[in-house]
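# Secondary and tertiary structure notes
So you can see what is in the structure, the chains are spelled out below.
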Amino acid sequence: MTSTTPAGSDPAPRPKRRTFSPEYKLRIVAEYDAAPKNEKGAVLRRERLYHSHVKEWRAARDAGALEKLVDQRTSPARPKKPAAEAENEKLRRQVERLEKELARNKAALEVMGKASALLEMISESAD
């Protein structure tokens with residue numbers, strides 16, 4: 001069966017992570033808490049949320065930490081690392097990986113050298 005879309009092209013755009021403002025979070029928590037017991041699920045379904053969202057937002061509100069209601073992973077206020085610092089971290093990780101690989105290769109060469117010497121001794125004694 002042949003495909004009508006060219007290879008490598010994605011037919012659907014990538015979904016974006018939803019972000020919620022602190023005001024929205026407070027409004028939803030208040031609405032959820034005020035809803036009768038049998039209508040709480042309807043609030044969650046309508047807003048496409050999970051109970052864990054409400055629990056997390058309520059805990060932040062009760063702790064008086066309104067700034068915690070801002071999602072630090074997706075917040076535009078999240079400070080970005082300078083490009084040079086990010087590059088340095090990437091290079092450090094690469095150096096660590098290469099040093100581990102080098103140590104492993106040196107150990108393998110040492111074992112191979114000993115095995116080769118042992119085989120030479122065995123072949124000489126067999127002659």
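Reference entry: report on the structure contained in this document. Computed from a prediction, not measured in an experiment: that's the story for all the values here.

### A closer look at the packing of helix 1 (residues 22-34) against helix 3 (residues 51-62)
For the pair helix 1 and helix 3, the least separation of the axes is 9 Å and the interaxial angle reads 105 degrees. Put simply, helix 1 runs roughly perpendicular to helix 3. Contacts from Tyr-24, Lys-25, Leu-26, Ile-28, Val-29, Tyr-32 and Asp-33 of helix 1 reach helix 3 at His-51, Val-54, Trp-57, Arg-58 and Arg-61. In terms of residue class, the contact of helix 1 with helix 3 is built from seven nonpolar, one polar and four charged.

### Re unusual backbone geometry
Within the chain, Arg-48 stands out as a residue other than glycine whose phi angle is a positive 55 degrees. Residue placement: Arg-48 occurs in the loop between helix 2 (40-47) and helix 3. Classification of Arg-48 by relative accessible area gives exposed; the value is 61%.

### Things to note about the nonpolar core
Judged by nonpolar contacts, Phe-20, Tyr-24, Ile-28, Val-29, Tyr-32, Leu-44, Leu-49, Val-54 and Trp-57 together constitute the single largest core of nine residues. Elements supplying a minimum of two residues to this core: helix 1 and helix 3.

The rules we used
- Numbers given to residues run from 1 along each chain, matching the order in which its sequence is written.
- Reporting in this predicted model follows two pLDDT cut-offs: at least 70 for local features of residues, and 80 or more for side-chain atom pairs to be given and counted; totals over whole chains, interfaces and linings ignore these cut-offs and use all residues.
- Only hydrogens and water are set aside; all other atoms, that is, all heavy atoms of the structure, feed into the side-chain values.
- Here the axes come from fitting lines to C-alpha atoms, over the contacting stretch only for helices, and the angles between their N-to-C directions go from 0 to 180 degrees.
- Helix numbering and strand numbering both begin at the N terminus, where a helix is a DSSP run of H or I of at least 4 residues and a strand a DSSP run of E of at least 2.
- Note that the term roughly parallel is reserved for angles under 35 degrees, roughly antiparallel for angles over 145, roughly perpendicular for angles of 65 to 115, and oblique for everything else.
- Any two residues having at least one pair of non-hydrogen atoms within 4.5 Å are treated as being in contact.
- Note on residue classes: Ala, Val, Leu, Ile, Met, Phe, Trp, Tyr, Cys and Pro are nonpolar, Asp, Glu, Lys and Arg are charged, and everything else, Gly too, is polar.
- Relative accessible area decides the class of each residue, using a 1.4 Å probe on protein chains only: under 20% of the type maximum gives buried, over 50% gives exposed, and in between gives partly exposed.
- Definition of nonpolar core: a set of buried residues of the types Ala, Val, Leu, Ile, Met, Phe, Trp, Tyr and Cys, connected through side-chain atoms within 4.5 Å.

Worth remembering: the numbers are spatial, not functional.
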